[in-house]
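Notes for the structure review
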Amino acid sequence: MSHSASAPTIATGKRRAVVLAWSTWVCLAFAVFAVSVRAEEPPAQMQDILADMISKQHAFDAEALHDKGVAGLEALLNELFPDTAPPAKLDAPEEAVAKLIEQLGDDNYRTREVAYTKLCEIGSGAEPLLVKAIGHHDAEIGWRARRILQRWNYSKWEDKGRYADAFAVYARGISDDARIELLLARTLQAMELGMPNGNRQRIIRECLTTIVRTDQDKWINQLRPLLEDQNTQIANLVVMSLNSGTDGSHIPTLFLEALKDNRDNVARQAIAYSAKFCNGPAKQTVQDALVAIYEGKNDELKFQVCQPLIQAFKYEPAKAFAMEQLTSGDRSRQYQALSWLADFRYSGKPIDPTLLENVKPLLTNTDNNLRRTAARTLGTYAGQEVVESLIPLLADKYASIPRDIQNAFPRQPDKKMVRRLLGDAAENHTDQSVRKAAEELLKRMPAS
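What you see is a predicted model; the values in this text were computed from it and never measured.

Concerning the overall build of the chain
Looking only at helices and strands, the chain has 27 helices and zero strands in total. In the chain, buried positions account for 44% of the 448 residues. The contacts in the chain between residues at least 6 apart in sequence include a share of 68% that link residues at least 24 apart. With the model as given, the accessible surface of the chain reaches about 23,100 Å², and the carbon-plus-sulfur share is 50%.

Considerations on helix α5 (residues 94-103)
Along α5, the positions that sit buried rather than exposed are Ala96, Val97, Leu100 and Ile101. Viewed end-on, α5 has its buried residues packed into an arc of 140 degrees, placing them on one side of the element. With respect to the buried face of α5, the exposed residues turned more than 90 degrees away are Glu94 and Glu95.

Here we look at the packing of aromatic side chains
Summed over the entire model, instances satisfying the criterion amount to six aromatic pairs. Ring geometry for Phe167 versus Tyr170: centroids 6.4 Å apart, planes at 55 degrees, classification tilted. With Phe167 and Tyr170 both in helix α9 (residues 164-171) and three residues apart, the pair spans about one turn of that helix. A relative accessible area of 0% places Phe167 in the buried class. On the basis of relative accessibility, which here comes to 0%, the residue Tyr170 falls in the buried class. Relative to Tyr381, the ring of Tyr346 lies with its centre 5.7 Å away and its plane at 20 degrees, an arrangement referred to as stacked.

Quick look at the packing of α9 against helix α11 (residues 198-212)
Where α9 meets α11, the closest approach of the two axes is 10 Å, and the angle between their N-to-C directions is 5 degrees. Compared by their axis directions, α9 and α11 come out roughly parallel. Judged by residue contacts, Ala164, Asp165, Phe167, Ala168 and Ala171 of α9 engage Arg202, Ile203, Glu206, Cys207 and Thr210 from α11. In terms of residue class, the contact of α9 with α11 is made up of six nonpolar, one polar and three charged.

A few points about the confidence of the model for the chain
In this model, the chain carries a mean pLDDT of 87, and residues with pLDDT of at least 70 account for 87%. Below a pLDDT of 50 lies the segment residues 1-41, which in the model reaches 28 contacts outside its immediate sequence neighbourhood of four places, other chains included.

Re the pattern of salt bridges
A full pass over the atoms with the stated rule returns 21 salt bridges. Between Glu140 and Arg112 there is a salt bridge, with its nearest N and O atoms 3.4 Å apart. Here Arg112 lies in helix α6 (residues 109-122) and Glu140 lies in helix α8 (residues 139-157), a separation of 28 residues in the sequence. A salt bridge links Asp299 to Arg333, with the nearest nitrogen and oxygen atoms 2.8 Å apart. You can see Asp299 sitting in helix α18 (residues 299-304) and its partner Arg333 sitting in helix α21 (residues 331-341), a full 34 residues away along the chain. Using a relative accessible area of 40% as the deciding quantity, one classes Asp299 as partly exposed. For Arg333, a relative accessible area of 10% corresponds to the buried category. Counted as one network, the salt bridges with shared partners bring together Arg112, Glu113, Glu140 and Arg144.

Conventions adopted
Counting restarts for each chain: residues are numbered from 1 in the order of the written sequence. Reporting in this predicted model follows two pLDDT cut-offs: at least 70 for local features of residues, and 80 or more for side-chain atom pairs to be given and counted; totals over whole chains, interfaces and linings ignore these cut-offs and use all residues. Water and hydrogen atoms were dropped before computing side-chain values, which therefore reflect all heavy atoms in the structure. A run of H or I in DSSP becomes a helix once it reaches four residues, and a run of E becomes a strand once it reaches two; helices and strands are each numbered from the N terminus. Summary of the burial criterion: residues with accessible area below 20% of their type's maximum are buried, those above 50% are exposed, and those between are partly exposed, where the area comes from a 1.4 Å probe applied to protein chains only. Contacts are assigned to residue pairs with any non-hydrogen atoms lying within 4.5 Å of each other. Using a 1.4 Å probe, accessible areas were evaluated by the Shrake-Rupley method; residue-level cover was limited to the displayed protein chains. In this description, one arc is meant: the one made by directions from the helix axis to the C-beta atoms. When two rings of Phe, Tyr or Trp (its six-membered ring) have centres within 6.5 Å they constitute a pair, described as stacked for plane angles under 30 degrees, edge-to-face for angles over 60, and tilted for the intermediate range. Axis definition: a line fit to C-alpha positions, over the contact stretch in the case of helices; interaxial angles, taken between N-to-C directions, run 0 to 180 degrees. In what follows, roughly perpendicular refers to angles from 65 to 115 degrees, roughly parallel to angles under 35, roughly antiparallel to angles over 145, and oblique to any angle outside these ranges. When residue character is reported, Ala, Val, Leu, Ile, Met, Phe, Trp, Tyr, Cys and Pro are called nonpolar, Asp, Glu, Lys and Arg charged, and the others, Gly included, polar. Confidence of the predictor in every single residue is expressed as pLDDT, which spans 0 to 100. By definition, a salt bridge exists where a carboxyl oxygen of Asp or Glu is found within 4 Å of a side-chain nitrogen of Lys or Arg.

What follows is the structure, encoded as structure tokens:
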């Protein structure tokens, strides 16, 4: 009895020894995992910088991060774009990972939870085995493997907006070739997934702007694949960055290419930003590109390019074309042309007879807003014919129009002429309401 009773005891003891040995081996393996994972994490100083970026935002002092050079930028990009970061290098045996995956289906709940937590902490080095485990015959293992992968995936795509303001502060100080090269490579890699959304788009645009800010085509031209992307949203993101990244003293080759783009909405975006170059050394180059669009066959772009040609480049043929649009019957074009022709540089100047002739019919239009816009455009200019045309609107039923005219008349350079015409209207106009309004305004008009 004593011998037979001791046999199970001995066997049990052996099994315990084996389990203990296995557990010890797994723990040692995990120690290797832990060391490896920690080696991939940002060092303590970088963690402090990241925390400072979140708390300080636009007041972030980037000096310490700049001092870390390329290594600092790489660590930051790993945080902002973890999907572009190189995979973690883990040296632990696959057997340890495989054992933990098997423990995801253990009968003991505590064992399952511990294995789940440890696998989450391991990082992407375990991803291939976990992907394979999704199809495991044990549904519990497959479900938990999928949860771990989803958790990692969330960490890749979570909103990084908490870093956006501080990153903008830091990015403005990046100008050295080594960091620009790294920033360019990682930005292009991040854009391989398509048009970013939300704060990711905001951060990527800051990256693009930083590259443009170098004023060096050797970097900027590497953004050409994005400008040529079939997704015009991506192309327009590049055009916006070309605008925000230059002060007008240098004209990126890529911007000229955007002006010539055969996709209307891309060219239109570039046209909208072209005025920035009207005072710089590239003025004539940009004007020539705009005139080429104006003289082209695309009527819609011809009209759109009138705005910078009129307001920034003072190209008279475009002004004449815009005046023609006032009689086109196209309400949208009428509004836009009126706003361009009311540019502040025309303030107090004599009005073009054609403009006066084309605006007058709009002063009696039944559309209140169009009538008001026409009156305000006319009020930008000086001269007796302007004042005579606007006096009847002093009694307009749309209250904003008389108010605009009352503000415009005192800005006329010839105050005596205005007082004379108001006095004549107060006495002789056929409309009693106009007579009364002219009399009231005359009382407030300065003598000179």
